[in-house]
Amino acid sequence: MKIGIIGGGIAGFSCARKLKEKISNCQITVIDKRREPFKKYLLSRWLINKAKDSDFFINWQSINSGVEFISSRVEKINLDRRSVYLKEGGVQVFDKIVLATGLEAERLDFKGARKKGVYYLANYLAVRELKETIRRARHILVYTSSISMFGLELVSFLTRLEGKIINLVYNQTLSFIYDKESLSLREYLSLKNIGLYAHTKIEEVLGEGRIKAARLSSNKILASDILLIDSFLKPSLIEIAPFSSAEKEGGLKDILPGYRKVFFVCGDVNSVKERGINFFFLNRLRAQRDASELAGALCR
Ligand SMILES: Cc1cc2nc3c(=O)[nH]c(=O)nc-3n(C[C@H](O)[C@H](O)[C@H](O)COP(=O)(O)OP(=O)(O)OC[C@H]3O[C@@H](n4cnc5c(N)ncnc54)[C@H](O)[C@@H]3O)c2cc1C
């Protein structure tokens, strides 16, 4: 049996590992747009050298033999043909297809958002380059426009790096959770020497080609060598024929009755209606559990 897993994060990896344990004669191919898929929940630690490469990057070799890894973005799936279409033009055909593409950040549209040095953390592909850029940057600006708390986690880790000037900008949605605790949050950030710009948005990124500063909605200008954006997260969906995008908006798990033996979904990509996708603290465990259950279902 040929099984194709799209997405090599925690969910895809756990699923491949379980499948290998349960069925010895299946051929598993994992396809990920990243060259080196990693464990997102260790990103902050890894960026400041508090997690080792060997813990952070997914170790495909640790699954005993027989898992093929392809580094490519999947553009489309056709379930009638059981085919997966790669960005570079190749097509892979499987008996069963698992979607484990996780979450991606919604692009923000302020002026200069595409300049060099502006990174969307959830989407970023080349994390080694990002780490190097952070190491060289003196002024680091983190922009949290969701309640995912990744931005907060990240700034608290970044303060452990020496010689950095760190500012945190968050828009009003965060105040929703932090109103009660805003005092302690403020105290914490000021204790850590992190500049806090609450209820504020980034209006524009300044600099020729590369970010030099950011202008906030208050008109304040902050020097920034790098801007790290933790913005609204949404399931990372791809075109799946024969389904319309409207059907996919409703969540993937229950909409594919005709394809229950062909198409499977696991991990964060399946978050839409099932859980609050932004409270990520338990999602990893959930992704692992989903993947194990799924591996069981695939064997049946
Ligand atoms: C900063 C941070 C801290 C976290 N901390 C915790 C924590 O403490 N505890 C916890 O339980 N959880 C935590 N989480 C959440 C946890 O990391 C996620 O729930 C988990 O990574 C979900 O796994 P996944 O495999 O579903 O998705 P992902 O890890 O996002 O993996 C999806 C993979 O699919 C690939 N992909 C996407 N689209 C395509 C495509 N079109 N073609 C090919 N490949 C594609 C991506 O490159 C990626 O490698 C944290 C998350 C973040 C961001």
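The rules behind each value
- Residues numbered from 1 in each chain as written.
- Predicted model: local features only at pLDDT ≥ 70, side-chain atom pairs only at ≥ 80, totals over all residues.
- Buried ≥ 20, exposed ≤ 12 C-beta atoms within 10 Å, placed from the backbone.
- Helix = DSSP H or I, 4+ residues; strand = E, 2+ residues; numbered from the N terminus.
- Pairing = 2+ DSSP bridges.
- Contact = placed C-beta atoms within 7 Å.
- Axes fitted to C-alpha atoms, helices over the stretch in contact; angles between N-to-C directions.

## Quick look at the pairing of strand 11 (residues 165-170)
Then, in step 1: Of all six residues in strand 11, five are buried; the element is thus mostly enclosed.
Then, in step 2: By the bridge criterion, six bridges tie strand 10 (residues 139-144) to strand 11 in an arrangement that is parallel. When the bridges of strand 11 are listed, Leu141 appears paired with Asn167.
Then, in step 3: Inspection of the sheet shows strand 11 paired to strand 12 (residues 195-197) by three bridges, in the parallel sense. Bridged to Asn167 within strand 12 is Gly195.

## Side note on helix 5 (residues 150-158)
Then, in step 1: Among the residues of helix 5, Phe150, Gly151, Leu152, Leu154, Val155 and Leu158 are the ones counted as buried.
Then, in step 2: At its buried positions, helix 5 is contacted by helix 2 (43-47), strand 10, strand 11 and strand 16 (226-230).

## Observations concerning the sheet that holds strand 12
Then, in step 1: Spatially, 9-16-10-11-12 is the arrangement adopted by the five strands of the open sheet, whose pairing is parallel. Each having just a single partner strand, strand 9 (118-120) and strand 12 make up the two edges of the open sheet. Each strand of the sheet is rotated relative to its neighbour by a mean of 20°, with strand direction disregarded.
Then, in step 2: This element, helix 5, spans strand 10, strand 11 and strand 16 of the sheet and lies at about 160° to strand 10.

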